[in-house]
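Report on the structure
Chain by chain, the residues run as shown.
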Protein chains: 2
Amino acid sequence: MRKPRIVVLGAGYGGLITVTRLQKQVGVDEAEITLINKNDYHYETTWLHEASAGTLHHDKARYQIKDIIDNSRVNFVQDTVVSIDKEAKKVVMTNGEVEYDYLVISLGAHPETFGIQGLKEFAFGITSIDSARQLREHIEYQFATYNMEAEKKDERLTIVVGGAGFTGIEFLGELGNRIPELCKEYDVDFNKVRIICVEAAPTALPGFDPELVDYAVNHLQKKGVEFMIGTAIKECIEEGIIVAKGEELETIKAGTVVWAAGVRGNSVVEEAGFENMRGRVKVDGFLRAPGHDDVFIIGDCALIINEEINRPYPPTAQIAMQQGEVCAKNLSVAIRERGEMATFTPDIKGSVASLGEHDAVGVVFGKKLVGTKASFMKKMIDNRALFMVGGPSLVVKKGKFNIL
Amino acid sequence: MRKPRIVVLGAGYGGLITVTRLQKQVGVDEAEITLINKNDYHYETTWLHEASAGTLHHDKARYQIKDIIDNSRVNFVQDTVVSIDKEAKKVVMTNGEVEYDYLVISLGAHPETFGIQGLKEFAFGITSIDSARQLREHIEYQFATYNMEAEKKDERLTIVVGGAGFTGIEFLGELGNRIPELCKEYDVDFNKVRIICVEAAPTALPGFDPELVDYAVNHLQKKGVEFMIGTAIKECIEEGIIVAKGEELETIKAGTVVWAAGVRGNSVVEEAGFENMRGRVKVDGFLRAPGHDDVFIIGDCALIINEEINRPYPPTAQIAMQQGEVCAKNLSVAIRERGEMATFTPDIKGSVASLGEHDAVGVVFGKKLVGTKASFMKKMIDNRALFMVGGPSLVVKKGKFNIL
């Protein structure tokens, strides 16, 4: 009898946890495991704000997939997933196809632009290693060019960050550390630099405790960040952005616009014909797509409702990793056709937003934290993600130990 | 009686040597010395190819003027020279004016574009700290952007260097070291990168010994540089350059075009009404402008004919420094109205072109050198320039000791 073929799409937090668990839990004769990923490396999505600002080298935020997986057990294919044919049970990639008996979709998120014109053309994202280093280099180039022009364009030194959610706030925190360095490097007057955060919602860090939000906003304002809360970006143009101020439209010139205001599921999921809400599929208790017991969906493409507040859980690395554990277990049950599948329940241990080096705000095990304690916890969370995937050796190699 | 006012324009090699010699040779009661420079730092023009390629940090190639001059003897003014009124004996700057009794013009060179359209708009130069770091950042941004585009544009990875003279060749040598680093940093296939050197003259390094030229060209070709010798750039456009191939015109697409094919004197000299050839003034034996005994012109704005070959000496740091020594001496004679002025005769100790780390070609004290020996001599020459201006402490601080 042919071994069942398990195909995992994407080596993000969810996909890698699934594969590293599967390679231990499933015997060599029980299943063929294939992992497909665009790059030959995994990157820490939750560290990209640092690589984008230039406060952490992007190589610190990625590691080789082959160093993590058991290459005798897992067949790794570096390719880009183009589409899923769930009837023919196959995945089409740029350079080939692969058939599956069980599929795990852990392809991650795409940016959500809410139909705002010009964002795709003119705004930078904080979404991948590629985008992070491009953004870093773009900002550096703006600073490097400033003194070259006979007529100085101060807008080259203006950075607009769209979105005061998690990514936006963390990126602003890093800029707070990075901008003084850039001013020194390129002989630029710090007072010429403007950092503007535009957020359509009535508060920064929606969903966070108001006390923590105040702490974060005050901290960033002290570092020079201007907040425009309750302000919608109407359009992104080559020269900057257009915002609505009451009835009036105002143009803010900016050499750099960063869009960090939310994500949606992956377009491959939408195009595959699964019932979805903005690319996210409301999975069953076992993390399967409704009506498709052979397809598991985890991470940013999975939609799970938090019954307490009747809203979806936000897409986080924490939940993706927990889903990976459950997904691996349920796949073992599926291929063996015995045992009981586990039901997924998120276990939210906490949430900490970094505010640059040595400062942060958050809640850990129900306790509010700010400052160096929160910053310490943030680094522990980052190190834990490494530990979960690659054990102690990966923590030693890539961990964060720059603790006060 | 009022002390004579000596005003020195520009803190390049010539100006700084003049001032550091004057502050020792001229008593506090004998003259007022003013040095005017655009930046508060001096930079090593001959090291800019390294800062531009990114193989040496630009801060290594500059130092603070106040650390070099005797601030009790020299009045340093940071300002940009706009014009010289030689009849009223005054210098107009962006933020003020200053009168002189004796003027030293050591303002350095401007790029010579030979009327080629588009170079000013689209080509980068290797002319200042500002331009060097902009060029470095521009190249990095091209590499950083390459993987971000769904349809890869290989021309982003093409660098055209216009000119195979000293600066062009030395910059190509640094690129030979830098490109593999950039490929690693930005996950770019080395085979996609093209480095093209376009030179209108029938040889690279015109004026150099043919054996040394062959060595240099072979070395750079091995590192991947393509040479188009005897080929004129007809126009620089946003997408690259247009060259003449016989009767045909050919467009070469390139994300980066660097213009390193020659310099002319400073436009301030031209506009001041001195008789000049492309901004360079044929000075008398004492380095004075003809008909203006109160104006000394040294460095890249001075034109001195090499009688042996009936052609002007090239503008080099070596000659500018030697002129600074003579200029300071002659100024002492002028203000004292006694003694004999010295006649300037260039003493060419040699000329070495770097080909990247640990390789070079050149002639030193009449002896041809290639490889590590030449590279060692190049670093000694660089260190000597530091020593001449700032003594042993500046050599320790900024010197090059990365010797094989």
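For every chain, the first residue of the written sequence is number 1, and numbering continues from 1 onward in sequence order. Chain letters and ligand numbers both follow the written order, the letters beginning at A and the numbers at 1. Where local features are concerned, this predicted model is filtered to residues with pLDDT of at least 70; where side-chain atom pairs are given and counted, the filter is 80 or more; whole-chain, interface and lining totals use all residues. Hydrogens and water molecules were not included; the side-chain quantities draw on all heavy atoms of the structure.

What follows covers the overall build of chain A. Starting at the N terminus, helices and strands are each numbered in turn, a helix being any DSSP run of H or I of at least four residues and a strand any DSSP run of E of at least two. When helices and strands are tallied, chain A shows 9 helices and 28 strands. Radius of gyration means the value over C-alpha atoms here, while the globule rule gives 2.2 Å times the residue count to the 0.38 power. Its C-alpha radius of gyration of 22 Å places chain A within 12% of the 22 Å reference for a compact globule of 404 residues. The principal-axis extents of the C-alpha atoms in chain A amount to approximately 75 × 45 × 45 Å. A burial count over chain A gives 56% of its 404 residues as buried. In the structure as shown, chain A presents an accessible area of about 17,900 Å², 50% of it carried by carbon and sulfur atoms. Burial here depends on accessible area, computed with a 1.4 Å probe over protein chains only, as a share of the maximum for the residue type. Under 20% is buried, over 50% is exposed, and the range in between is partly exposed. Only the protein chains shown count as covering a residue, and every accessible area follows the Shrake-Rupley method with a 1.4 Å probe.

What follows deals with the sheet that holds strand β22 (residues 292–297) of chain B. Residues and elements named next belong to chain B. The strand order across the open sheet built from 6 strands is β5-β2-β1-β9-β22-β21, with neighbouring strands paired in mixed fashion. The open sheet has two edge strands, β5 (74–78) and β21 (288–289), and neither has a second partner. The criterion for strand pairing is that DSSP finds at least two bridges linking the strands in question. The sheet contact formed by β21 and β22 spans 2 bridges and is antiparallel. Looking at β22, one finds that A289 is bridged to H292. With respect to the sheet, helix α8 (residues 317–336) is in contact with β1 (5–9), β9 (102–105) and β22, its orientation differing from that of β9 by roughly 170°. The contact criterion used throughout is that any non-hydrogen atoms of two residues lie within 4.5 Å. Lines fitted to C-alpha atoms define the axes, with helix axes restricted to the stretch in contact, and inter-axis angles between N-to-C directions lie between 0 and 180 degrees.

With that out of the way, let us pick up the relation of the copies chain A and chain B. Superposition of the copies was done by least squares, using only C-alpha atoms of residues whose pLDDT is at least 70 in both. When chain A is fitted to chain B, the residual RMSD is 0.0 Å, and the transformation amounts to a turn of 180° plus an axial shift of 0.0 Å. Classification of the inter-copy transformation places it as that of a two-fold axis. Most of the interface of chain A is mirrored in chain B, where 100% of its interface residues again form contacts.

This paragraph deals with helix α9 (residues 371–398) of chain B. In a regular helix each residue adds 1.5 Å, so 28 residues correspond to 40 Å; α9(B) covers only 23 Å between its end C-alpha atoms and thus falls short of that length. A residue's bend is simply the angle between two axes: one fitted to the seven residues ending at it, one to the seven starting at it. Maximal helix bending in α9(B) amounts to about 135°, located at B:G390; proline B:P392 follows within four positions. A helix is expected to reach a length of 1.5 Å times the quantity of its residues less one.

The next point concerns the pairing of β9(B). Residues and elements named next belong to chain B. On β9, burial covers both faces: Y102 and V104 on one face and L103 and I105 on the other are all buried. Looking at chain direction, β1 and β9 are connected through 4 bridges and run parallel. Residue pairing for β9: L9 is matched across the bridge by I105.

Turning next to the domain arrangement of chain A. Many analyses report the size of an interface as the accessible area lost when the parts associate. Domain annotation for chain A reports domain 1 (5–38 + 79–111 + 263–347) and domain 2 (119–259). Note: domain ranges come from an automatic or database domain assignment. Between domain 1 of chain A and domain 2 of chain A, the C-alpha centre-to-centre distance is 35 Å.

The next subject is the pattern of salt bridges. Whenever Lys or Arg places a side-chain nitrogen within 4 Å of a carboxyl oxygen from Asp or Glu, that contact is recorded as a salt bridge. With the rule as written, the count across this model stands at 66 salt bridges over all chains. Salt-bridge contacts for A:D101 lead to A:R2; the nearest nitrogen and oxygen are separated by 3.1 Å. Of the two residues, A:D101 is situated in the loop between β8 (96–99) and β9 (102–105) and A:R2 in the segment before β1 (5–9); the sequence distance between them amounts to 99 residues. A:R2 sits in the exposed class, given a relative accessible area of 52%. A salt bridge links B:D284 to B:R288; the nearest nitrogen and oxygen atoms lie 3.1 Å apart. Overall, B:D284 belongs to the partly exposed group, its relative accessible area being 25%.

It is worth spelling out the interface of chain A and chain B at this point. Counting residues at the interface gives 23 residues for chain A and 23 residues for chain B. Here the quantity called buried area is the total loss of accessible area, with a 1.4 Å probe, experienced by two parts when brought into contact, counted for both. Surface buried jointly by chain A and chain B totals about 1,800 Å² across both partners, of which 44% is contributed by carbon and sulfur atoms. Between chain A and chain B we count 6 salt bridges in total. A:R136 serves as the salt-bridge partner of B:E185, at 3.3 Å between the closest nitrogen and oxygen.

All names here are of chain A. Two elements in contact, helix α1 (residues 13–25) and helix α9 (residues 371–398), have axes separated by 9 Å at closest approach and are oriented at 35°. Note on element contacts: α9 touches α1 through A385, M388 and V389, opposite Y13, L16, I17, T20 and R21. Residues belonging to the contact of α1 with α9 are distributed by class as follows: 6 nonpolar, 1 polar and 1 charged. Here the nonpolar group is Ala, Val, Leu, Ile, Met, Phe, Trp, Tyr, Cys and Pro; Asp, Glu, Lys and Arg are the charged ones; every other residue, Gly included, is treated as polar.

Residues and elements named next belong to chain A. Structurally, the position occupied by Q23 is in helix α1. Whenever a nitrogen or oxygen atom comes within 3.5 Å of another N or O atom, the pair is scored as a polar contact, on the condition that within protein one atom can donate a hydrogen and the other can accept it, and that pairs from neighbouring residues in sequence are kept only if both atoms are in side chains. Polar side-chain contacts of Q23 include one of 2.7 Å to the backbone nitrogen of D70. Non-local contacts of Q23, meaning those with residues more than four positions away in its chain, are made with I33, I68, I69, D70, R73 and V74.

The subject of this paragraph is the sheet that holds strand β15 (residues 233–237) of chain A. Residue and element names in this part refer to chain A. The 3 strands lie next to each other as β15-β16-β17, forming an open sheet whose pairing is antiparallel. Whereas interior strands pair on both sides, the edge strands pair on one side only; in this sheet they are β15 and β17 (248–253). Ignoring strand direction, the axes of neighbouring strands in this sheet form an average angle of 25°. Direction of pairing for strand β16 (residues 240–245) relative to β17: antiparallel, over a ladder of 6 bridges. Bridge pairing in β17 links I241 to I252.

A word on the packing of aromatic side chains. Given two aromatic rings, one states the distance between the centres and the angle between the planes to describe the pair. Each pair of aromatic rings taken from Phe, Tyr and Trp, with Trp reduced to its six-membered ring, is defined by centres within 6.5 Å and is described as stacked if the planes are under 30 degrees apart, edge-to-face if over 60, and tilted in the remaining cases. Going through the model one piece at a time under the given rule, you end up with 4 aromatic pairs over all chains. Ring centres of B:F166 and B:F208 lie 5.9 Å apart, and the angle between their planes is 65°; on these two criteria the pair is classed as edge-to-face. You can see B:F166 sitting in helix α5 (residues 166–185) and its partner B:F208 sitting in the loop between β13 (194–199) and α6 (210–222), a full 42 residues away along the chain. B:F208 sits in the buried class, given a relative accessible area of 17%. Working rule: Lys NZ or Arg CZ, within 6 Å of ring centre, within 35 degrees of ring normal, means a charge sits over the ring. Between A:K86 and the ring centre of A:F274, over which it is positioned, the NZ or CZ distance is 5.3 Å. Seen from the ring of B:W47, B:K400 lies directly overhead, with NZ or CZ sitting 4.0 Å from the centre.

This part takes up α5(B). An ideal rise of 1.5 Å per residue puts 28 Å on 20 residues; α5(B) measures up with 28 Å between its terminal C-alpha atoms. Positive backbone phi, approximately 50°, marks B:D187, located one or two places after α5(B).

Residue and element names in this part refer to chain A. Sheet topology note: the strand β27 (residues 360–364)/strand β28 (residues 367–370) ladder contains 4 bridges and is antiparallel. What sits directly across from G362, in β28, is L369. The antiparallel pairing of β27 with β28 creates a hairpin that spans 2 residues between the two strands, and F365 there sits at a positive phi of about 45°.

Turning next to the UniProt feature "domain: FAD/NAD(P)-binding" (unreviewed entry) in chain A. UniProt positions are given in the numbering used here, feature names are shortened, and annotations may be inferred rather than shown by experiment. In this structure's numbering, the residues bearing the UniProt feature "domain: FAD/NAD(P)-binding" (unreviewed entry) are residues 5–324 of chain A. Strand forms 31% of residues 5–324 of chain A and helix 27%; the C-alpha atoms that close the span are 18 Å apart.

As a further point, take the environment of A:A31. Looking at where A:A31 falls in the secondary structure, it is placed in the loop between α1 and β2 (32–37). On a C-alpha basis, the gap between A:A31 and A:P4 in space is 5.0 Å, while along the polypeptide they are 27 residues apart.

Attention now goes to the environment of A:E121. By the element assignment, A:E121 lies in helix α3 (residues 119–122). Put simply, A:E121 and A:V225 are 104 residues apart on the chain and 25 Å apart in space, counted from C-alpha to C-alpha.

Bringing the environment of B:M228 into the picture now. Residue and element names in this part refer to chain B. On the secondary structure map, M228 appears in strand β14 (residues 225–229). C-alpha separation for the pair M228 and G176, spaced 52 residues apart in sequence, amounts to 17 Å. Other than its neighbours up to four places away in sequence, M228 contacts I196, C197, V198, E199, V243, K245 and I252.

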